[in-house]
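# A closer look at the structure
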Amino acid sequence: MSERLQPGDTAPAFTLPDADGNEVSLAGHKGRKVIVYFYPAALTPGCTKQACDFTDNLDVLAAAGYDVIGVSPDKPEKLAKFRDQENLKVTLVGDPSKETLAAYGAFGEKKLYGKVVTGVIRSTVVVDEDGKVEHAFYNVKATGHVAKILRDLSIQA
């Protein structure tokens, strides 16, 4: 089980391929706040809803100074299909090795339909301009999560 991050922790550095195979790193967003959200799989109903919610609120989040990066264990080809099929505007990156997922406490044991399984724990980590964890939300729901983030961060939609 990976350690969960706490406010004040230094956010683990990462460089991962996006849907087009270009490298995206947390360091590349220094000076901006970043919402890094972790989801189990592209092209699944819950993850699609969550990605569409982030896309729908991207302008509001950007105006408040936040960039958004979605991380899943998917390969860039699947992320590109997901982005194109759903007309997503959020940056999606793939972590097939699951190293970044684990570093953020977003991979480990979870309950799924009453059984304990190992997999991606739907999570969101808000990183401040200096690379420190501002908020860490674990076991979040796909539906309504973006609205909750907006409330928690006091951002007016």
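### Considering the pairing of strand E8 (residues 123-127)
Of all the 5 residues making up E8, 5 are buried; the element is thus mostly covered by neighbouring parts of the structure. The alternating pattern of E8 places Ser123, Val125 and Val127 on one face and Thr124 and Val126 on the opposite face, and all of these are buried. The turn linking E8 back onto strand E9 (residues 133-138) is made up of 5 residues, and glycine 131 within it adopts a positive phi angle of 85°.

### Digging into the packing of aromatic side chains
In the structure shown here, the tally under the stated rule is 5 aromatic pairs. For the pair tyrosine 37 and phenylalanine 54, a centre-to-centre distance of 4.3 Å together with 25° between the ring planes defines the contact as stacked. With tyrosine 37 in strand E3 (residues 33-38) and phenylalanine 54 in helix H1 (residues 45-56), this residue pair connects regions lying 17 residues apart in the sequence. Residues tyrosine 37 and phenylalanine 54 agree in their burial class; the two are buried. Relative to tyrosine 104, the ring of phenylalanine 38 has its centre 5.1 Å away and its plane inclined at 40°; by these criteria the two rings are tilted. Of this pair, phenylalanine 38 sits in strand E3 while tyrosine 104 sits in the loop between helix H4 (99-103) and strand E6 (107-112), and the two are 66 residues apart along the sequence. Taken together, the aromatic side chains of Tyr37, Tyr39, Phe54 and Phe82 make up a single cluster linked through ring pairs.

### Quick notes on helix H5 (residues 145-152)
When we look at burial in H5, the residues that qualify are His145, Val146, Ile149 and Leu150. Seen from one end, H5 has its buried residues packed into an arc of 145°, which puts them on one side. Where the residues of H5 are buried, they touch E3, H1, helix H2 (58-63), E8 and E9. Once H5 ends, the next one or two residues include serine 154, with phi positive near 55°.

### Quick word on the sheet that holds strand E4 (residues 66-72)
Pairing is mixed across the open sheet formed by 5 strands, whose spatial order is E5-E4-E3-E8-E9. Looking at which strands have only one partner, the edges of the open sheet turn out to be strand E5 (91-94) and E9. Strand-to-strand, the axes of this sheet are offset by a mean angle of 20°, without reference to chain direction. In terms of strand pairing, E8 meets E9 through 5 bridges, oriented antiparallel. Paired with threonine 124 across the two strands is phenylalanine 137, which belongs to E9. Sheet strands touched by H5: E3, E8 and E9. Its angle to E9, the strand with the most contacts, is close to 145°.

### Observations concerning the pattern of salt bridges
Evaluated as defined, the whole model comprises 7 salt bridges. Lysine 78 is the partner of aspartate 74 in a salt bridge, and the nearest nitrogen-oxygen pair spans 3.4 Å. Classification of aspartate 74 by relative accessible area gives buried; the value is 8%. A salt bridge links aspartate 152 to lysine 148; the nearest nitrogen and oxygen atoms lie 2.7 Å apart. Taken together, the residues span about one helical turn, with aspartate 152 and lysine 148 both in helix H5 at a distance of 4 residues. Among the residues examined, aspartate 152 registers a relative accessible area of 33% and is labelled partly exposed. Linked by salt bridges that have partners in common, Asp20, Arg83 and Asp84 make up one network.

### Some words on unusual backbone geometry
In this structure, asparagine 87 takes a positive phi of about 55° despite not being glycine. Its place among the elements puts asparagine 87 in the loop between helix H3 (76-86) and E5.

Thresholds applied
Residues numbered from 1 in each chain as written. Predicted model: local features only at pLDDT ≥ 70, side-chain atom pairs only at ≥ 80, totals over all residues. Heavy atoms only, no water. Buried < 20%, exposed > 50% of the residue type's maximum accessible area, 1.4 Å probe, protein only. Helix = DSSP H or I, 4+ residues; strand = E, 2+ residues; numbered from the N terminus. Pairing = 2+ DSSP bridges. Phe/Tyr/Trp six-rings, centres within 6.5 Å; stacked < 30°, edge-to-face > 60°. Arc of directions from axis to C-beta. Contact = heavy atoms within 4.5 Å. Axes fitted to C-alpha atoms, helices over the stretch in contact; angles between N-to-C directions. Salt bridge = Lys/Arg side-chain N within 4 Å of Asp/Glu carboxyl O.

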